[in-house]
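# Per-entry structural report
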Amino acid sequence: DHALCGASASFSSGAGADRVAQDLIRHTTERHHTLDDRAGLAGTSKVVAIRSEGLRWWRKQGFSFAAPTGILTGALLTSVADSGLRPEARVSEMLPRVMDTLFGAQITCRSFMNRLLPGLGGYVNRAGEEVPFGEGLPVHTQPARCLETLTAFVEKWHDLVHAAEEEVAARAHRDRKKAEDPDDEVELYDDFMTRIMATGHSCQDVIELLEGAKPLPKHVLEGLPRNAARYRIDENMLRRWEILTDKYQDDLDRLENNSRDLGPYVHIRLDVELEEIAKQIGPISEVAWSIVNPDVARVAARRVTLADPLADAHDIGLDSLASANFSDASDSLALKLVDWPSELSPQSAGSSFVRLFAQEGCRASRAGMRNLPPLPWTFGADQRNTVVMDIERRHGVAPFHCIFARSRAQSHRAVVMALGDPMSDSYVVCPKYQPLQVRNGDRLICHQWTFQIRTEIGEDHRDRMSILTDEGEVWEVPFEGCHLGAGSRSRKTDFQPFFPSAKFVLTHRLNNMAAVHLVFQYHPSMNRWAVIDHSPEPLGSLLALRPGVSYPLSEGLRLKIGPFILEVARE
């Protein structure tokens, strides 16, 4: 991993790529790093040369830590086509779907070098010659072999990918049906229990049989046909297991099936007069840690009927709350440009991106943009992106900056992933006076300070949290909560939510740091931690997007993508 991090940083010359590829092979000692553990790549000179060639090709495409899977697949097919070869229509259609099923919306340089390349090969070509594992993708030197390898790769995974796509569609349909009619699940459970009881066995009997605590009766096993393939693992079963377990998807999905959306968020300006702040947030309780979105408060204040609990939300025009669990993320996600630097204004900048999205009501969504494909969407300066941010590199936009995709755990939720360019950054702008969930490894940027969140499970099965500063100091956060800021004294101002008395005091680097800058709150019912931003500056607290980690999006959440501020909306 460390060798690969160095490889993705700054190696573009041939000699550098050769040296990096040799280091990568020498450091590849873990099991399950290839598509076939039996590849037996001992570090032959051919493998080293092909890996060096693959790394040079990766860098030439403008990829850094990670690449969008669809764009990488298209680049492979384009490289083959540029040599005068034409892939079959089936390969051109299925290869992107196979890669997306195996690797997800993005593939890291580590996966490309240590999983994809070593797993390509292991077949006999049309000339009757054996192509060993790891020697199937010499992109520049042998494009004919590359095409044959990609064809064999598609044939090997074609049927399983079809089955996986059907299962994903069926699961999404079940989730929508369950959300629309919760009683349906109860009926299925009752039917299941009725069929179990009809056999004369109790639920405990079934549990003990499944756990192996009780042996199967002999009369059940008698008369079963003898099948040599029974209880044996073959190649097809191994590949099926690799898809079911997401073995090759190395992005970390922060959402779980039961994760709750803390939005929708409302944008609040704290650098204005108190009267204006009062209009934005309304009345607030003295013991409230955070404010509530006024639209959500209106829904909660109305009487909801059990017959149609979402009817009131429709009546008052808050359809985004009413349809949150029924629509696919591709159809509901919308992104609007809300802020940009003065030098990139629509009048002065020659950027089509700024001119288009600076218009009133224009936003990136399938309803607002014709021919916009389903998720994932890629943003960046390269012309191959879904949305091209055509500005100069000095403004901090990478060729492939970030990617918006559908969450694997919740199909109606969208996530964002940074693609890890070393010269550009992406952030979540912490909403003012509203909770934002934080997890282990998250980094909070507060002007000149950087804080890293660390959590670990304690003896009482609660996640204990500590804060690591960029100076190496570690602060343990009590479960009662705390706040962080400049100076030893903190005074509550008008229209400011409650904050706990425990404080982590900052004594230097205090420029633009507030006395109450961040508040950390523990939610015991969900065993989660949240950060609440109290800083007056619009960009006073930022959550850095780490490459390879997907961050869930909520309506009203703001993102800093290079010099631009995008706000998440819902169609």
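Refer to the structure above for everything that follows.
Bear in mind the structure is a predicted one, so any value in this text is a computation, not a measurement.

Helix and strand counts for the protein chain come out as 17 helices and 24 strands. Counting across all 571 residues of the protein chain, residues that qualify as buried make up 47%. Put simply, of all contacts in the protein chain between residues at least 6 apart along the chain, 64% involve residues at least 24 apart. Summed over all atoms, the accessible surface of the protein chain reaches about 29700 Å², with 51% contributed by carbon and sulfur.

Taken together, five strands build an open sheet; the order of strands is β12-β20-β19-β17-β18 and the sheet is mixed. Of all strands in the sheet, those with a lone pairing partner are β12 (435–438) and β18 (503–506), marking the two edges. Put simply, the sheet's adjacent strands are angled 25° from each other on average, direction ignored. Alignment of β12 against strand β20 (residues 528–533), held across four bridges, turns out to be antiparallel. When the sheet's bridge partners are listed, valine 438 is paired in β20 with tryptophan 529.

Let's shift gears to the packing of helix α3 (residues 45–60) against helix α6 (residues 109–119). The contact between α3 and α6 brings their axes to 11 Å, and the two run at 140°. Regarding the angle of α3 to α6, the classification is oblique. In this structure, α3 meets α6 at a crossing whose hand is right-handed. Contacts between α3 and α6 involve Arg51, Gly54, Leu55, Trp57 and Trp58 from the former and Cys109, Phe112, Met113, Asn114, Leu117 and Pro118 from the latter. Each residue belonging to the contact of α3 with α6 can be placed in one class, and the counts come to eight nonpolar, two polar and one charged.

With that out of the way, let us pick up the pattern of salt bridges. The tally for this structure, following the rule as stated, stands at 25 salt bridges. Between lysine 214 and aspartate 205 there is a salt bridge, with the nearest N and O atoms lying 3.0 Å from each other. What makes lysine 214 partly exposed here is its relative accessible area of 31%. Here glutamate 567 ties to arginine 558 by a salt bridge, and the two come within 2.8 Å at their closest N and O atoms. Across the pair, arginine 558 and glutamate 567 agree in class, each one buried. Here the residues in one salt-bridge network are Glu93, Arg97 and Glu165, joined through shared partners.

Our focus in this paragraph is a nonpolar patch on the surface. Together, Leu209, Leu216, Val220, Leu221 and Leu224 make up a nonpolar patch on the protein surface, roughly 400 Å² of accessible area in all. Secondary-structure assignment places leucine 216 in the loop between α9 (203–211) and α10 (218–221).

Checked against the element boundaries, histidine 517 lands in the loop between β18 and β19 (518–523). For histidine 517, a relative accessible area of 0% gives the class buried. There is a polar contact of 3.4 Å between the side chain of histidine 517 and the side chain of serine 541. Those residues within four positions of histidine 517 in sequence are excluded, and the remaining contacts are Cys446, His447, Leu484, Gly485, Asn512, Ile532, Asp533, His534, Ser535, Gly540 and Ser541.

Here we come to the nonpolar core. Within the largest apolar cluster, 61 residues are counted, with the highest numbers of intra-cluster contacts made by Leu333, Phe353, Phe379, Phe404, Ile467, Phe520 and Phe564. Every residue in contact with isoleucine 467, bar those within four places of it in the chain, is listed here: Phe451, Gln452, Ile453, Glu473, Val474, Trp475, Val477, Phe504 and Phe520. Judged by nonpolar contacts, the second largest core, of 47 residues, contains Ala75, Leu102, Phe112 and Leu137.

When two helices pack together, their arrangement is given by the angle between the helix axes and the distance between those axes. Interhelical geometry of helix α4 (residues 69–82) versus helix α5 (residues 89–103) gives an angle of 140° and a closest axis separation of 9 Å. The handedness of the crossing between α4 and α5 is right-handed. Together, Thr69, Leu72, Thr73 and Leu77 of α4 and Val91, Ser92, Leu95, Pro96, Met99, Asp100 and Phe103 of α5 make up the contact between the two elements. Considered class by class, the residues forming the contact of α4 with α5 number seven nonpolar, three polar and one charged.

Before going further, it helps to examine the packing of aromatic side chains. Remark: the centre distance and the inter-plane angle together describe each pair of aromatic rings, the angle taken between the planes. Under the definition given, this model contains 16 aromatic pairs. Here the aromatic rings of tryptophan 57 and phenylalanine 63 are separated by 6.3 Å at their centres, their planes lie at 70°, and the arrangement is edge-to-face. Each of the two residues, tryptophan 57 as well as phenylalanine 63, counts as buried. Centroid distance tryptophan 58 to phenylalanine 112: 5.2 Å. Interplanar angle 35°. Geometry classified as tilted. In this pair, tryptophan 58 is assigned in helix α3 and phenylalanine 112 in helix α6, connecting sequence segments 54 residues apart. By the burial criterion, tryptophan 58 is buried, and phenylalanine 112 matches it. Grouping aromatic residues by their ring pairs yields a cluster made of Trp57, Trp58, Phe63, Phe112 and Phe400. Lying across the ring of tryptophan 449, arginine 509 places its NZ or CZ 3.9 Å from the centre.

Burial of the side chains of strand β7 (residues 377–380) extends over both faces: Trp377 and Phe379 are buried on one face and Thr378 and Gly380 on the other. Inspection of the sheet shows β7 paired to strand β9 (residues 402–406) by three bridges, in the antiparallel sense. Counted as the bridge partner of threonine 378 is isoleucine 403 from β9. The pairing of β7 with strand β8 (residues 387–388) spans two bridges and is parallel. By the bridge assignment, phenylalanine 379 is partnered in β8 with valine 387.

Criteria and thresholds
Residues numbered from 1 in each chain as written. Predicted model: local features only at pLDDT ≥ 70, side-chain atom pairs only at ≥ 80, totals over all residues. Heavy atoms only, no water. Helix = DSSP H or I, 4+ residues; strand = E, 2+ residues; numbered from the N terminus. Buried < 20%, exposed > 50% of the residue type's maximum accessible area, 1.4 Å probe, protein only. Contact = heavy atoms within 4.5 Å. Areas by Shrake-Rupley, 256 points an atom, 1.4 Å probe, with all protein chains shown as cover. Pairing = 2+ DSSP bridges. Axes fitted to C-alpha atoms, helices over the stretch in contact; angles between N-to-C directions. Parallel < 35°, antiparallel > 145°, perpendicular 65-115°, else oblique. Left-handed = near helix turned anticlockwise from the far one by under 90°. Nonpolar A, V, L, I, M, F, W, Y, C, P; charged D, E, K, R; others polar. Salt bridge = Lys/Arg side-chain N within 4 Å of Asp/Glu carboxyl O. Patch = residues over 30% accessible without salt bridge, like charges linked within 9 Å, V, L, I, M, F, W, Y side chains within 5 Å. Polar contact = N/O pair within 3.5 Å; in protein donor to acceptor, adjacent residues only side chain to side chain. Core = buried A, V, L, I, M, F, W, Y, C linked by side-chain atoms within 4.5 Å. Phe/Tyr/Trp six-rings, centres within 6.5 Å; stacked < 30°, edge-to-face > 60°. Lys NZ or Arg CZ within 6 Å of the ring centre and 35° of its normal.

Functional significance is not addressed by these values, which are geometric in nature.
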